[in-house]
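Structural overview
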Amino acid sequence: MRKHVIFITGASGEVGHALIRRLAEDGGNRLLSLDLHSLPDDIRPLTTHMVGDILDTSLLGRLVSEYEIDTIYHLAALLSTRSEFTPEMAHQVNVEGTLDLLKLAAEQSQWRSRPIQFLFPSSIAIYGMPDLESKNLYNRVREWEWNQPRTMYGCNKVYGEMLGTYFCNHYRQLATEQPVHIDFRCVRFPGLISAFTLPSGGTSDYGPEMIHAAAKGEAYNCFVREDARIPFMTMPDAVSALLTLAAAPREKLTRLIYNVTSFSLSAGEIRDRVIAAFPAAEIRFEPDAKRQAIIDSWPADLDDSAARRDWGWHPQYDVATAFEEYLIPNIRERYRERSA
Ligand code: SER
């Protein structure tokens, strides 16, 4: 008999690490994961991990023949800065990879005549404010506003949302009598900050990079202006958002795609909080015009009232507790251990 599993793609990324740890806390979950990279020693025992490419359809076929997949967390993606250097590859991973996974989910659901849950992290990058004036005027954007991304990653994610919605509601609507049940659920994340890992290839990376650099005693040149403002959230809250949305009763959900957020800070305000914790930190602002333009196109804040209303979303950490209770103590400890 095939083993029931929760399948996690992009397992070696920041969200992947944190999600696997949390899912493994519930001893009843059996995890299967996939990434181009292997996992660190402390996470490896928590999941059956395959090193491979989500675009390798024969590998996906082998997984399906061996495992019965109940839920998919499709985290694999190239982030926004990285995608601008290799837009065609970003399209392959971010769009074709998502399509392959949705197809796999559809086949699994038809085969067992039961729904497959498909959790998809989308991003603030799907928004595109045309200029700073609009960004200042339309402060907290709602899900359906300003969906005009200016990055390849943003285009890929908004299309991933559409593909998920299509697979959930209309996939093969004219071609088959056999129903396909994909229970697609999506959260749009703001910039994420982990105390334990660093992102790679994103444009919101200046937030986490500034804090980690200060704790390491390294100088940091921030690539956006002091007044650049976007929303952020801690990694534990990002994982909670995915898990809480996954656990919500379907009938409570009025949307398939939800904004989630915690606090909105300018780069200068992040600097002030970092200096308060690490007074010797050396932080300079040397904006890179192109990366700055991407941040300027992202909204200053997200309206997540639909998530709060429908499935009780609320972040554990606000801006004060995020820094005082989660980020600063854990990051301090992390680099103290390393230098000891
Ligand atoms: N953190 C992502 C990035 O910067 C946005 O979702 O690309």
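It should be noted that the structure appears before, not after, this text.
Below is a summary of the structure that appears in this document.

Enumeration according to the criterion identifies 13 aromatic pairs in this entry. Note on Tyr166 and Phe167: the rings are 5.8 Å apart at their centroids and 85° apart in plane angle, and the pair reads as edge-to-face. Using a relative accessible area of 3% as the deciding quantity, one classes Phe167 as buried. Look at Phe263 and Phe323: their rings are 6.4 Å apart centre to centre, the planes differ by 55°, and that puts the pair in the tilted class. Note that Phe263 is positioned in strand E12 (residues 263–266) and Phe323 in helix H12 (residues 319–339), a separation of 60 residues in sequence.

All right, on to the pairing of strand E10 (residues 229–234) then. With five of six residues buried, E10 is to be regarded as a mostly interior element. In this structure, E10 lies alongside E12, joined through four bridges in antiparallel fashion. Counted as the bridge partner of Arg229 is Ser266 from E12.

All right, on to the pattern of salt bridges then. Within this structure, the stated rule accounts for 20 salt bridges. A salt bridge links Asp183 to Arg250; the nearest nitrogen and oxygen atoms lie 2.3 Å apart. Residue Asp183 is found in strand E7 (residues 182–189), and its partner Arg250 is found in the loop between helix H8 (235–247) and strand E11 (257–259); the two are separated by 67 residues along the sequence. A single salt-bridge network, built from bridges that share partners, covers Arg2, Glu68, Asp70, Arg112 and Arg114.

Our next topic: the site of the ligand. Near the ligand the following residues occur: Leu79, Ser80, Ser123, Tyr153, Gly202, Thr203, Ser204 and Trp298. Within the side chain of Ser80, one N or O atom sits 2.5 Å away from an oxygen atom of the ligand. A distance of 2.9 Å separates a nitrogen atom of the ligand from a polar side-chain atom of Ser204. Here the residues of the shell around the ligand are counted per class, giving three nonpolar, five polar and no charged.

We now examine H8. End to end, H8 covers 18 Å across 13 residues, agreeing with the expected 18 Å (1.5 Å per residue, within 8%). Among the residues of H8, those classed as buried are Met235, Pro236, Asp237, Ala238, Val239, Ser240, Ala241, Leu242, Leu245 and Ala246.

Summarising burial for strand E1 (residues 3–9): five of the seven residues are buried, a large majority. Here E1 pairs with strand E4 (residues 67–74) via seven bridges, running parallel. Paired with Val5 across the two strands is Ile69, which belongs to E4. Looking at chain direction, E1 and strand E2 (residues 31–35) are connected through four bridges and run parallel. Each bridged residue has a counterpart across the sheet, and for Ile8 the counterpart in E2 is Ser33.

Moving on, we come to the state of the cysteines. Across all of its chains, the model carries zero disulfides by this definition. Looking at Cys155, it has no disulfide partner, and the nearest cysteine sulfur is the one in Cys186, 15 Å off. The closest cysteine sulfur to the non-disulfide-bonded Cys186 is located on Cys168, 11 Å from its own sulfur.

Parameters and conventions
- Residues numbered from 1 in each chain as written.
- Predicted model: local features only at pLDDT ≥ 70, side-chain atom pairs only at ≥ 80, totals over all residues.
- Heavy atoms only, no water.
- Phe/Tyr/Trp six-rings, centres within 6.5 Å; stacked < 30°, edge-to-face > 60°.
- Buried < 20%, exposed > 50% of the residue type's maximum accessible area, 1.4 Å probe, protein only.
- Helix = DSSP H or I, 4+ residues; strand = E, 2+ residues; numbered from the N terminus.
- Pairing = 2+ DSSP bridges.
- Salt bridge = Lys/Arg side-chain N within 4 Å of Asp/Glu carboxyl O.
- Near = heavy atom within 4 Å.
- Polar contact = N/O pair within 3.5 Å; in protein donor to acceptor, adjacent residues only side chain to side chain.
- Nonpolar A, V, L, I, M, F, W, Y, C, P; charged D, E, K, R; others polar.
- Expected span 1.5 Å × (residues − 1).
- Disulfide = S-S within 2.5 Å.

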